[in-house]
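# Chain and residue survey
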Amino acid sequence: MQAALMAFFMLLFSLLSLLGIAANGFIVLVLGREWLRYGRLLPLDMILISLGASRVCLQLVGTVHNFYYSARKVEYSGGLGRQFFHLHWHFLNSATFWFCSWLSVLFCVKIANITHPTFLWLKWRFPGWVPWLLLGSVLISFIITLLFFWVNYPVYQELLIRKFSGNMTYKWNTRIETYYFPSLKLVIWSIPFSVFLVSIMLLINSLRRHTQRMQHNGHSLQDPSTQAHTRALKSLISFLFLYALSFLSLIIDATKFISMQNDFYWPWQIAVYLCISVHPFILIFSNLKLRSMFWQVLLLARGFWVA
């Protein structure tokens, strides 16, 4: 890839990262201020502030990693710094995936009109579970990260060197990198992704049945329930595209199909981090509280620059 084109993608990645950090940081600051003022948060706000915080950290870790690697390719490729980065990157990605899934489930149980006893029980209980689900997601992500780190940690590799010959150690590590890690990551990330898909399918089915019922009874389709369904679906379906892109990007990234030495590394990084940079804007404009505060901040910024 030409140097000018690579510089363009690096600049685009930097702008995307700054936008993502700013948008996610805005969500964290607004909801954190409300948390300090009232001493509590609604279940939706708990998920949003957790999602925003994890994405800010993930974007910062990814940005530092990419530019540090660009400056010190040879030194960084096999060093402890790479292990340190992956430790944080796997933890934050796993936690972010779970937070996104709980957000879709909360939308589903709050809006979907499903009369099945199990769903009604979940609708009643789920909001109270949110703090524990968030803590559980962090704990699960931490355990999974330790599993990855334990297998790939240099000290563990040194232990293998003492037990086996160097050739066997190389074959063992290569086999782990090629088969074990991608398969395990696919299974781990597929669980929250499946939860997300099920929530969207239930919400779509609820909207379809509600629309048919309203048409059968001769009522307008502009009633509050239909509008709530439609707003939630617009938000989730737009997120579905970004979430699916992020999921596929992470799976392909786990297979090392596009390595750090590849000419298309920076365009690929844009695809990997696109979801965490764009989705917070969808959340801001679909949330009345965040949207009104966002416009207030823009008006203040405009007045400051005009003055």
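Residue numbers run consecutively from 1 along every chain, following the written order of its sequence. Local features in this predicted model are restricted to residues of pLDDT 70 or higher, and side-chain atom pairs are both shown and tallied only at a pLDDT of 80 or more, whereas totals for entire chains, interfaces and linings draw on every residue. Here the side-chain values reflect all heavy atoms present in the structure, with hydrogen atoms and water set aside.

### Quick word on the overall build of the protein
Basically, it comes down to this: Strands here are runs of E lasting at least two residues and helices are runs of H or I lasting at least four, both read from the DSSP assignment and numbered beginning at the N terminus. Throughout, exposure labels follow a simple rule: accessible area from a 1.4 Å probe, protein chains only, divided by the maximum for the residue type, with under 20% read as buried, over 50% as exposed, and the rest as partly exposed. Residue contacts are defined here by distance: any two heavy atoms, one from each residue, within 4.5 Å place the two residues in contact.
When its secondary structure is counted, the protein shows 10 helices and zero strands. Mapped in sequence order, the helices and strands of the protein form the string α-α-α-α-α-α-α-α-α-α. Split into buried and exposed, the 307 residues of the protein put 43% on the buried side. Of all intrachain contacts in the protein linking residues separated by at least 6 positions in sequence, the fraction that spans at least 24 positions is 77%.

### Comments concerning the nonpolar core
Applicable threshold: Throughout this description, the term nonpolar core refers to a set of buried Ala, Val, Leu, Ile, Met, Phe, Trp, Tyr and Cys residues connected via side-chain atoms within 4.5 Å.
Counting 64 residues, the largest nonpolar core has L48 and L103 as its most contacted members. If you list the elements that add at least two residues to this core, you get α1 (3-38), α2 (43-71), α4 (80-111), α5 (117-152), α7 (166-216), α8 (224-254), α9 (265-286) and α10 (288-306). The dominant element in this core, judged by the number of residues it contributes, is α4, at 16 residues.

### Considerations on the packing of α1 against α2
Here is the rule we go by: Orientation is described by lines fitted to C-alpha atoms, with helices fitted over the stretch in contact, and by angles between N-to-C directions that extend from 0 to 180 degrees. Note that the term roughly parallel is reserved for angles under 35 degrees, roughly antiparallel for angles over 145, roughly perpendicular for angles of 65 to 115, and oblique for everything else. In this scheme, a crossing is called left-handed if the near helix is turned counterclockwise away from the far one by less than a right angle; it is called right-handed if the turn is clockwise.
For the pair α1 and α2, the least separation of the axes is 8 Å and the interaxial angle reads 150 degrees. In terms of their interaxial angle, α1 and α2 are classed as roughly antiparallel. The element α1 and its partner α2 pack so that their crossing is left-handed.

### A few points about the UniProt feature "transmembrane region" (unreviewed entry) in the protein
The following threshold applies: UniProt positions are given in the numbering used here, feature names are shortened, and annotations may be inferred rather than shown by experiment.
Residues annotated by UniProt as "transmembrane region" (unreviewed entry) correspond here to residues 6-32, 89-109, 129-151, 186-204, 232-252 and 264-285. Structurally, residues 6-32 comprises 100% helix and 0% strand, and the distance from its first C-alpha atom to its last is 38 Å. Secondary structure across residues 264-285 divides into 95% helix and 0% strand, with the first and last C-alpha atoms of the span separated by 33 Å.

### Re the side chain of H279
Selection rule: For the purposes of these results, a polar contact is taken to be a pair of N or O atoms within 3.5 Å, where, inside protein, one atom must be able to donate a hydrogen and its partner to accept one; residues adjacent in sequence count only when each atom of the pair is a side-chain atom.
Assignment of secondary structure puts H279 in helix α9. Within polar-contact distance, the side chain of H279 engages the side chain of R55 at 2.9 Å. Discounting residues that sit within four places of it in the chain, H279 has contacts with L51, R55, L103, F239 and L242.

### Overview of the packing of α2 against α9
Operational definition: In the scheme used here, Gly and all other residues not listed as nonpolar or charged are polar, with Ala, Val, Leu, Ile, Met, Phe, Trp, Tyr, Cys and Pro taken as nonpolar and Asp, Glu, Lys and Arg as charged.
Where α2 contacts α9, the axes come no closer than 11 Å and their chain directions differ by 160 degrees. Comparing their axes, α9 and α2 come out roughly antiparallel. The way α2 lies across α9 gives a crossing that is left-handed. Here α2 contributes L48, L51, R55, L58, Q59, G62, H65, N66, F67 and S70 to the contact with α9, which in turn contributes Y265, W266, Q269, Y273, C275, I276, S277, H279, P280 and L283. Here the residues of the contact of α2 with α9 are counted per class, giving 11 nonpolar, eight polar and one charged.

### Observations concerning the packing of aromatic side chains
In plain terms, the rule: Only centres within 6.5 Å qualify two rings of Phe, Tyr or Trp (six-membered ring in Trp) as a pair; their planes then separate them into stacked at under 30 degrees, edge-to-face at over 60, and tilted for everything else.
A full pass over the atoms with the stated rule returns 12 aromatic pairs. Here F8 and F9 contribute two aromatic rings whose centre-to-centre distance is 5.5 Å and whose plane-to-plane angle is 65 degrees, an arrangement assigned as edge-to-face. Its relative accessible area of 47% is what places F8 among the partly exposed residues. The buried category is assigned to F9, whose relative accessible area is 18%. Here a set of aromatic residues connected by ring pairs shows up, and it is made of F13, F67, W266 and Y273.

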